Amino acid sequence: MTGVDTPDQLRERYRHERDKRLRPDGNDQYIQPVGRFAHYLDDVWAEVAPREPLVDEVTFAFIGGGFAGLVVSARVSQVVGKAVDEALGEAVDDIRIIEKGGDFGGTWYWNRYPGAMCDTTSFVYMPLLEETGHMPSEKYAHGPEILDHARRIGHHYGLYDSAVLSTEVTSLDWDDNAKRWIISTNRGDAIRARFVAIGAGPLHRPKLPGIVGIETYGGHSFHTSRWDYGYTGGDPAGAPMTNLADKRVGIIGTGATAVQCIPHLARSSGELTVFQRTPSSVDVRNNAATDAEWFAALRDGWQQEWLENFTTLQTGGFVDEDLTMDGWTDLAQRIRDKAIENGDFTPEGLTKAYHDSDDEKMVELRARVDQVVNDPVTAESLKAWYRQLCKRPCFHDEYLQAFNRPNVTLVNTDGRGVERIDETGVWANGEHHELDVIIYASGFEVGTDYARRCGFETTGRDGRTLTKHWADGMISLHGIHMHGFPNLFLVGPNQGANLISNVPHNFVERAQTIAAVLTHALDVDATEVEVTAEAEAAWVKLLEDGGRTFGNDPDCTPGYYNNEGQLASTEGRRNFLGFPDGPMAYFAYIDQWRSTGRFEGLEFR
Ligand code: NDP
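Residues numbered from 1 in each chain as written. Predicted model: local features only at pLDDT ≥ 70, side-chain atom pairs only at ≥ 80, totals over all residues. Heavy atoms only, no water.

Participant: Would you explain the site of the ligand in this entry?
Facilitator: Met 117, Thr 257, Thr 278, Lys 391 and Tyr 560 are the nearest of the 26 residues found near the ligand. At a separation of 3.0 Å, an oxygen atom of the ligand approaches a polar backbone atom of Ala 256. Between Arg 392 and the ligand, the recorded distance is 3.2 Å, taken from a side-chain N or O atom to an oxygen atom. When isolated, the ligand has an accessible area of 910 Å², and the protein chains bury 90% of it. Residues belonging to the shell around the ligand are distributed by class as follows: 13 nonpolar, 9 polar and 4 charged. For the shell around the ligand, the domains that each give at least three residues are domain 1 (57-205 + 446-604) and domain 2 (211-281 + 391-440). (Near = heavy atom within 4 Å. Polar contact = N/O pair within 3.5 Å; in protein donor to acceptor, adjacent residues only side chain to side chain. Areas by Shrake-Rupley, 256 points an atom, 1.4 Å probe, with all protein chains shown as cover. Nonpolar A, V, L, I, M, F, W, Y, C, P; charged D, E, K, R; others polar. Domains from an automatic or database assignment.)

Participant: Looking at this structure, I do not really get helix H18 (residues 533-546). What am I missing?
Facilitator: Quick reminder: α-helices carry 3.6 residues per turn. Residues three or four places apart thus point the same way. Helix length check: H18 (14 residues) gives 20 Å between terminal C-alpha atoms against 20 Å at 1.5 Å per residue, within 8%. The set of residues buried in H18 consists of Ala 535, Glu 536, Trp 539, Val 540 and Leu 543. For H18, the buried positions fall inside an angular range of 130 degrees around the axis, keeping them on one side. Facing away from the buried side of H18 by more than 90 degrees, the exposed set consists of Glu 534 and Asp 545. Elements in contact with the buried residues of H18: helix H16 (466-469), strand S20 (529-531), helix H19 (570-575) and helix H20 (583-595). Backbone geometry just downstream of H18 places Gly 547 in the positive-phi region, at approximately 70 degrees. (Helix = DSSP H or I, 4+ residues; strand = E, 2+ residues; numbered from the N terminus. Expected span 1.5 Å × (residues − 1). Buried < 20%, exposed > 50% of the residue type's maximum accessible area, 1.4 Å probe, protein only. Arc of directions from axis to C-beta. Contact = heavy atoms within 4.5 Å.)

Participant: Just checking my understanding: could you explain the domain arrangement of the chain for this structure?
Facilitator: Interface size is commonly expressed as the accessible area that is lost once the parts come together. Splitting the chain by domain gives domain 1 (57-205 + 446-604), domain 2 (211-281 + 391-440) and domain 3 (304-383). The gap between the C-alpha centroids of domain 2 and domain 3 is 30 Å. With 16 residues of domain 2 at the interface, the matching set in domain 3 holds 13 residues. The junction of domain 2 with domain 3 conceals about 1,200 Å² of combined surface from both sides, 66% of it contributed by carbon and sulfur atoms. When the area that domain 2 buries against domain 3 is broken down by residue, the three leading residues are Phe 395, Leu 400 and Asn 404, summing to 42%. At the boundary of domain 2 and domain 3, one finds 1 salt bridge. Taking the shortest distance from any N to any O, the salt bridge between Asp 397 and Arg 368 comes out at 3.5 Å. Across the domain 2-domain 3 interface, the total number found is 5 residue pairs in polar contact (both at pLDDT 80 or more). Of all the elements in the fold, those that place two or more residues in the side of domain 2 that touches domain 3 are helix H14 (399-402) and strand S13 (408-412). (Buried area = accessible area lost by both parts, 1.4 Å probe. Salt bridge = Lys/Arg side-chain N within 4 Å of Asp/Glu carboxyl O.)

Participant: Which parts of the structure should I look at to understand H20?
Facilitator: When the terminal C-alpha atoms of H20 are compared, their 18 Å separation across 13 residues agrees well with the 18 Å that a helix rising 1.5 Å per residue should span. For H20, the full list of buried residues reads Pro 583, Tyr 586, Phe 587, Ile 590, Trp 593 and Arg 594. End-on, the buried residues of H20 take up no more than an arc of 130 degrees, which puts them together on one face. Pointing more than 90 degrees away from the buried face of H20 are the exposed residues Gln 592 and Ser 595. On its buried face, H20 is in contact with helix H10 (302-314), helix H17 (503-523), H18 and strand S21 (602-604). Gly 597, located one to two residues past H20, shows a positive phi value of around 80 degrees.

Participant: Looking at this structure, I do not really get the state of the cysteines. What am I missing?
Facilitator: What is meant by a disulfide is a covalent connection between two cysteines, made through their sulfur atoms. What the rule picks out here adds up to 1 disulfide. A disulfide bridge connects Cys 390 with Cys 556, and the sulfur atoms are separated by 1.9 Å. The chirality of the disulfide connecting Cys 390 with Cys 556 is left-handed, given an S-S dihedral of about -80 degrees. Here Cys 390, found in the loop between helix H13 (376-381) and strand S12 (394-395), pairs with Cys 556, found in the loop between H18 and H19; they are 166 residues apart in sequence, far enough to count as distant. Take Cys 390 and Cys 556: they sit in the same class, and that class is buried. Of the cysteine sulfurs around Cys 118, a residue in no disulfide, the closest is that of Cys 394, at 14 Å. (Disulfide = S-S within 2.5 Å.)

Participant: Help me out: how do you make sense of the sheet that holds strand S17 (residues 437-440) in this one?
Facilitator: By way of backbone hydrogen bonds, the strands of a sheet pair with one another, either parallel or antiparallel. Strand order in the open sheet formed by 5 strands is S8-S17-S9-S10-S13, with parallel pairing between adjacent strands. The sheet terminates laterally at strand S8 (220-223) and S13, the two strands that pair on one side only. Taken pair by pair, the neighbouring strands of this sheet meet at an average axis angle of 20 degrees, ignoring direction. Relative to S17, strand S9 (residues 248-252) is paired through 4 bridges, and the arrangement is parallel. Looking across to S17, one finds that Ile 252 is bridged to Tyr 440. Docked against the sheet, helix H8 (residues 256-268) engages S9, strand S10 (271-276), S13 and S17, running at close to 170 degrees with respect to S9. (Pairing = 2+ DSSP bridges. Axes fitted to C-alpha atoms, helices over the stretch in contact; angles between N-to-C directions.)

Participant: Hey, could you run me through the sheet that holds strand S14 (residues 420-421) in this one?
Facilitator: One open sheet holds the 3 strands; their spatial order is S14-S15-S16, and the pairing between them is antiparallel. In this open sheet, the two edge strands, each paired with only one partner strand, are S14 and strand S16 (431-434). Of the pairings in the sheet, the one linking S14 to strand S15 (residues 425-428) comprises 2 bridges and is antiparallel in character. From the neighbouring strand, Arg 420 faces S15, where its bridge partner is Trp 427.

Participant: Explanation requested: the packing of aromatic side chains in the structure shown.
Facilitator: Given two aromatic rings, their pairing is described by the distance between the two centres and the angle made by the two planes. For the structure shown, the criterion picks out 31 aromatic pairs. Ring centres 4.5 Å apart and planes at 40 degrees place the aromatic pair Phe 104 and Tyr 160 in the tilted group. Separated by 56 residues along the polypeptide, Phe 104 in the loop between strand S3 (95-98) and helix H3 (107-110) and Tyr 160 in the loop between helix H6 (143-156) and strand S4 (169-175) bring together distant segments of the chain. Taking relative accessible area as the criterion, Phe 104 reaches 0% and is therefore assigned buried. Consider the rings of Trp 539 and Phe 579, whose centres lie 5.7 Å apart with planes at 20 degrees: the pair is stacked. Of this pair, Trp 539 sits in helix H18 while Phe 579 sits in the loop between H19 and H20, placing them 40 residues apart in sequence. Residue class for Phe 579 comes out buried when judged on its relative accessible area of 10%. (Phe/Tyr/Trp six-rings, centres within 6.5 Å; stacked < 30°, edge-to-face > 60°.)

The structure is reproduced here in structure tokens:
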């Protein structure tokens, strides 16, 4: 490779690194945890108690008990519960969350690997802090505290009362005669619901690398989302994993999860071997305990202000004060400063400002590796050669340091990945590594079919499935309503704000929108709420014309942000479309849409 002193040389280096990693099988390089791999999905956190199947009816059911389900159900219970009570004479607890895990928490229920913490500050990441009166203990709270917060929301809003846990939905079917959804589950339930919302989580289904011989491994193994403390010792709060002291531990993958758990593994393992295909970019974390006095002085409405402040900055907007002050907002500030310096606010000028400030940032991040990591060869291998937002940016103050320990070895496969697994270990770069345990930090399905990722099919009016409806990619109004699927609401970032950096912000907004639509439906005594085909098509056209999506930089290294580098399909692009003028503009638009009371595009029958 030539030097990387000029922007053109840097671009060439980025392309070179990307090309090394592009592979024709894209998402298909991964295997699903089914069949002989199904045990990788077992719930290691819950004993499933037997119960009789439920055959009953609720007004509002939410599929998924993570922050999406909790925030939306909390809002619905507040706003709609009363109306339901008055209109139908039904109980306010007529809201049921159906959750696969043994408790609420979603991603925080499953992902209890040591070192798990939120990546955007707790003050914007943890929803409903003001309402529940919780003060996050740290700027970036750790997993157990976030899981407790999910439970706190559940208790605060009475959502446990009628929740159904350790229950996996197997199908969702619209009964057009009864005007009810029928929710079937793996516990034999047939729950009828007048309204249903789905928040299955964008990164919900673990995937395994399709490495030749993976099934032949004779040692112990697990996926990071089902951490086996029975094997490792320790606990999610970070107690030393004493059982690993005499073990040869291998971890495959160096994404955001691995960056957080590797420092813990490094401290506890006899030997730790990290198999890297592509390094993550790792900026400083600077975590800190929350100052209780400062927190107590925050004025009412502070969390909404923080959410908007963060999102505005993070998506290229202007604010007087950066409340968050971290690596996320730093990049945005730099782009703004660069645009001011260049005096060019045209789209081309802003793109140039983004490129220039990103180039500077990445130079600093690569220099940080040299400052922290003692061995020059290891340091070189840990440097990320792509734009910071090509992959999930990482922030950690102990990750790079872990590679200075004598018991930690980095196996840099230079984009090729692990070659093969056999009964006793892993082959990489032509060498065999004997291992007692392999930990798969290999991520979650993103680019596969919605029904596959959800785990169930949704069938609307006239037997039309969501898979069929979305055969050419996702179509919806606002990312919430689909024509032919009355009384059904989706909760996620897609085709709405599409805010990826702080996903719960999308939920806070969706909760308000869904609550407003439900309130109106109950007010006018509508049996069905449905988007018209025209409104759905017009929304998708608006988004397509705007062309705002994420992760479609052709220079980016492959990963789930860019569908493993396979960018071209219309379907793929549709799934990740967002409002043309960005998240803050979407939030303003949808606030106006729901406030008029006209709910344009929806029919209330
Ligand atoms: P990722 O998909 O980010 O990482 C998977 C890793 O596995 C990559 O490093 C990938 O390499 C590697 N890999 C895949 N196949 C092979 C192979 N054959 N050989 C070697 N390596 C291989 O998954 P994560 O679980 O780390 O993160 C997923 C997402 O979850 C994050 O992006 C983030 O959105 C979220 N997350 C959020 C956190 C938070 O907010 N606190 C914390 C952790 C995760 P390659 O890069 O080359 O594809």
